[in-house]
Amino acid sequence: MAAPARGRRCRGAVLLLLLASVLAPLALYGRSPVSLPDSTVARVAFDREDGSNLVWPHMAASEVSLAKDLTIERLGEHKNRVLSAADDWQAVEIAKTHSSEKIDTSVPWKEPVSRDADEAIAEGKGSTQSRQEGLIKEVVSTDSMEAEEQGGQGIKEKELLDASDSEVEHKDGSGAAAGSNIDGMTTTGNQSSSLEKGNAADILSGQTTHATPKESYIRPVNVSADLATSKSSADHSATSPDATIHIIKDQLTRAKTYLGFLASRGNHGSAKELRARMKDIQRALGDATNDGMLPQNVHSRIKAMEQTLTKLKETHDSCSGAVSRLRTAIHSTEERLQSHKKDANYLAQIAAKSLPKGLHCLPLRLTNEYYSTDSNNKDFPDMEKLEDPKLHHYAIFSDNVLAAAVVVNSTLVHAKRPANHVFHIVTDRLNYAAMKMWFLANPLGKAAVQVQNIEEFTWLNSSYSPVLKQLESSSMIDYYFRSGRSRTDENPKFRNPKYLSILNHLRFYLPEIFPKLNKVLFLDDDTVVQQDLSALWSIDLKGKVNGAVETCGETFHRFDKYLNFSNPLIARNFRPQACSWAYGMNMFDLSEWRKQNITEIYHTWQNLNEDRLLWKLGTLPAGLVTFWNRTFPLDRSWHLLGLGYNPNVNEKDIRRASVIHYNGNLKPWLEIGLSKYRKYWSRHVNYDQVFIRECNINP
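The sections below set out a description of the structure shown in this document. The written sequence of each chain sets the order in which its residues are numbered from 1. At least 70 in pLDDT is required for a residue's local features to be given in this predicted model, at least 80 for side-chain atom pairs to be given and counted, and no such filter applies to totals for whole chains, interfaces and linings, which use all residues. Side-chain descriptors were evaluated using all non-hydrogen atoms of the structure, hydrogens and water having been removed beforehand.

1. Overview of the sheet that holds strand 10 (residues 659-661)
In sheet architecture, strand pairing relies on hydrogen bonds along the backbone and comes in two forms, parallel and antiparallel.
Step number 1: Two strands are said to pair when DSSP picks up at least two bridges between them. Note on conventions: DSSP H or I runs of at least 4 residues are helices, E runs of at least 2 residues are strands, and numbering of each starts at the N terminus. Sheet architecture is open: 3 strands sit in the order 5-10-9, paired in mixed fashion. Either end of the sheet is taken by a strand with one partner, and the two such strands are strand 5 (527-529) and strand 9 (639-640).
Step number 2: Bridging between strand 5 and strand 10 involves 3 bridges; their strand directions are antiparallel. If you follow Thr527 over to strand 10, its bridge partner there is His661.

2. Some thoughts on the environment of Val451
Step number 1: Inspection of the secondary structure assignment puts Val451 in strand 3 (residues 448-453).
Step number 2: Sequence separation of Val451 and Phe423 is 28 residues, and the distance between their C-alpha atoms is 8.5 Å.
Step number 3: Should any heavy atoms of two residues lie within 4.5 Å, those residues are considered in contact. What Val451 contacts, discounting residues up to four positions off in sequence, is Phe380, Ile425, Thr427, Tyr432, Met435, Lys436 and Phe439.

3. Notes on the state of the cysteines
Put plainly, a disulfide is one covalent bond tying together the sulfur atoms of two cysteines.
Step number 1: Our working definition of a disulfide is a cysteine sulfur pair at a distance within 2.5 Å. The full count for this structure, using the stated rule, is 2 disulfides.
Step number 2: Covalently, Cys361 is tied to Cys695 through a disulfide, its sulfur atoms 2.1 Å apart. Where Cys361 bonds to Cys695 through sulfur, the torsion about that S-S bond is close to -70 degrees, and the disulfide is left-handed. One end of the pair, Cys361, is in helix 14 (residues 357-372); the other, Cys695, is in the segment after helix 27 (690-694), with 334 residues separating them in the sequence.
Step number 3: Cys361 sits in the partly exposed class, given a relative accessible area of 25%.
Step number 4: By relative accessible area, Cys695 is classed as buried at 7%. Here the term buried applies to any residue with accessible area under 20% of the maximum for its type, exposed to any over 50%, and partly exposed to those in between, with areas from a 1.4 Å probe on protein chains only.

4. Quick notes on the side chain of His684
Step number 1: Examined against the element boundaries, His684 turns out to sit in the loop between helix 26 (675-682) and helix 27.
Step number 2: Those residues within four positions of His684 in sequence are excluded, and the remaining contacts are Val406, Asn409, Ser410, Val413, His414, Val528 and Val529.

5. Quick notes on the environment of Thr551
Step number 1: Looking at the secondary structure, you find Thr551 in the loop between strand 6 (546-549) and helix 20 (559-562).
Step number 2: Thr551 sits in the buried class, given a relative accessible area of 4%.
Step number 3: For the pair formed by Thr551 and Ser580, sequence separation is 29 residues and the distance between their alpha carbons is 5.8 Å.
Step number 4: Each residue touching Thr551, except ones within four places of it in the same chain, is listed here: His557, Ser580, Trp581, Ala582, Arg636 and Leu641.
Step number 5: Counting of polar contacts relies on pairs of N or O atoms within 3.5 Å, with two restrictions inside protein: one atom must be capable of donating a hydrogen and the other of accepting it, and residues adjacent in sequence are counted only when both atoms are side-chain atoms. At 2.9 Å, the side chain of Thr551 forms a polar contact with the side chain of Ser580.

6. Observations concerning the packing of helix 11 (residues 268-285) against helix 12 (residues 298-315)
Step number 1: Running from N to C, helix 11 and helix 12 cross one another at 155 degrees; their axes reach a closest spacing of 10 Å. Compared by their axis directions, helix 11 and helix 12 come out roughly antiparallel. The two elements helix 11 and helix 12 cross, and the hand of that crossing is left-handed. Taken together, the residues of helix 12 that come into contact with helix 11 (itself represented by Ser270, Glu273, Leu274, Arg277, Met278, Asp280, Ile281, Arg283 and Ala284) are Val298, Arg301, Ile302, Ala304, Met305, Thr308, Leu309, Lys311 and Leu312. As a rule, the C-alpha atoms of each element are fitted with a line to give its axis, helices using only the stretch in contact, and angles between N-to-C directions run from 0 to 180 degrees. What sets the label is the angle itself: under 35 degrees gives roughly parallel, over 145 gives roughly antiparallel, 65 to 115 gives roughly perpendicular, and the rest give oblique. By convention the crossing between two helices is left-handed if the near helix lies anticlockwise of the far one by an angle smaller than a right angle, and right-handed if it lies clockwise.

7. Examining the pairing of strand 4 (residues 519-523)
Step number 1: Burial analysis of strand 4 places 5 of its 5 residues in the buried class, the great majority of the element.
Step number 2: Both strand 1 (residues 392-397) and strand 4 contribute to a ladder of 2 bridges, which runs parallel. Opposite Ala395, over in strand 4, you have Phe522 as the bridge partner.
Step number 3: Two strands pair when backbone bridges link them, and strand 4 and strand 7 (residues 585-589) are joined in this way by 5 bridges, in the antiparallel orientation. Residue pairing in the sheet places Lys519 in a bridge with Asp589 of strand 7.

See the structure below:
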């Protein structure tokens, strides 16, 4: 009798374990909710009609009762976990179904099909299990779930989801890597297609069976991130004047994201194509702050970029979740970056306008010395060379004594025949005495120099010069000095008062300043000469007026960077992608200038731009329209740009260049100047000179 009884007890225990092992997969992988019985199984195992204990016959009655209570409690807890998991997968199924219908809130969600336990068990062993594992991975590792649990039940749910997430990512190493890289980011670019939390909770609560009351707030998976973004951009275009700019920036963000994937996978062909598209569309964007500032062909560039991105998306569709999250992160980072760049730009403009104490002291000290000197010693030698057309003449217009001195010194140091060089320096009334005193105290040897005061040019008045009339107008002064009325999105460099100085526009009056000369080499005061420039006077300009180095190699040095092509007058007369050229070292044929009446052309365009609708900034745009089709391209080695803003200029290019140009705000005489390039400028300053030493100017 003892052996059959022991056998029945063993069979009872095995039956209990088998029943638990069958119900757990059924609840975890079945699509429909599972109704579990109360702890009757455990009760049957312990409470028999005959009062016998089938499980632990060797225990005392009190011990059996305690074990019975513990087992029932644990089975109840297991039941709650299983029901909670079933509810979560039910919610996931609803979210997946809703996402596959493109998140159309006008179409009601469909009730998931409920199946009986046998179907769920059979399918859990086959395709449904693998499909649901993919669903788990997509939802847990791609989208951001938000849940609000009540009590300990919600905490247990979260533990179960975390465990499932870890198991799925363990099966797929790439999924784990992606999750670790993008964890913590929140997708915000597709909020237009997301559901309100309350609505989602109401729908889910009506379609799921709960063993215990519970609310679940789920954000549905958005598998159409790019389409939603495009739709958002289209909606934005209906009301915003900068909608096209937003589209371009979004394309650049997506392109940067895909570029990272392509580089990591060695897909160099696609990466090269994508970089070319990015460069093209960045050139179109430039510094535009509204759609009116974009070139006319911008839409074709946007279309070409979108085609490339679509092709990449089809090729790398498995990365769409990571792309969506990275796009959001890049968008947020770029917004902060733009804010910081705007602040930095404003501060840089202030620093560029400032004058170091030493450079403020120097002209004061020189002016005092000039008026203390005997009047008989204030004339320069070799005055007969000033109008000799056979010599090499330089034009330098500056109010910076030390900068002008560096240009002259560096030119003479490398000149093979210094006696053939004549320097014409024009400055303003405030710095005339200081400039003249400097070159009197530091004679140039065999070379000739002339210092002129712009006030002596009586022919240069507002009745003759449109720009002078405009610079003296109250509206122009109001524009430059009452910055409180300026647009908040306008670049502060457009309002730099240095553009009020007629010295910047004096380059358009060279034939009037030098009536007896045939050729003049114009040099900016922020240049340094590194080679003999005599060969420039023998270059045949082929009937052109201006000999200059073109800047097509730089994406931001084309006509559409400087001119407003949304204006029909500009659009009819010029090409947006035409090469611009560099001001700073220009050979001007004054004979051709007079024949082609260039000054009158300049006056015409300056009158047309009185309201600053054709261009805003400085003399280069005016030069582009004035010398359109009248510029001869010089070899690039004659003139190298960028030392005043670009920290990555090639050192070999600097050494090969005949003239280096510190164009930009980071001038070598300012503290904000790039220290790595300052040596090329400072080597031509004699720091032992008495005036420089007294003003405490140091390298």
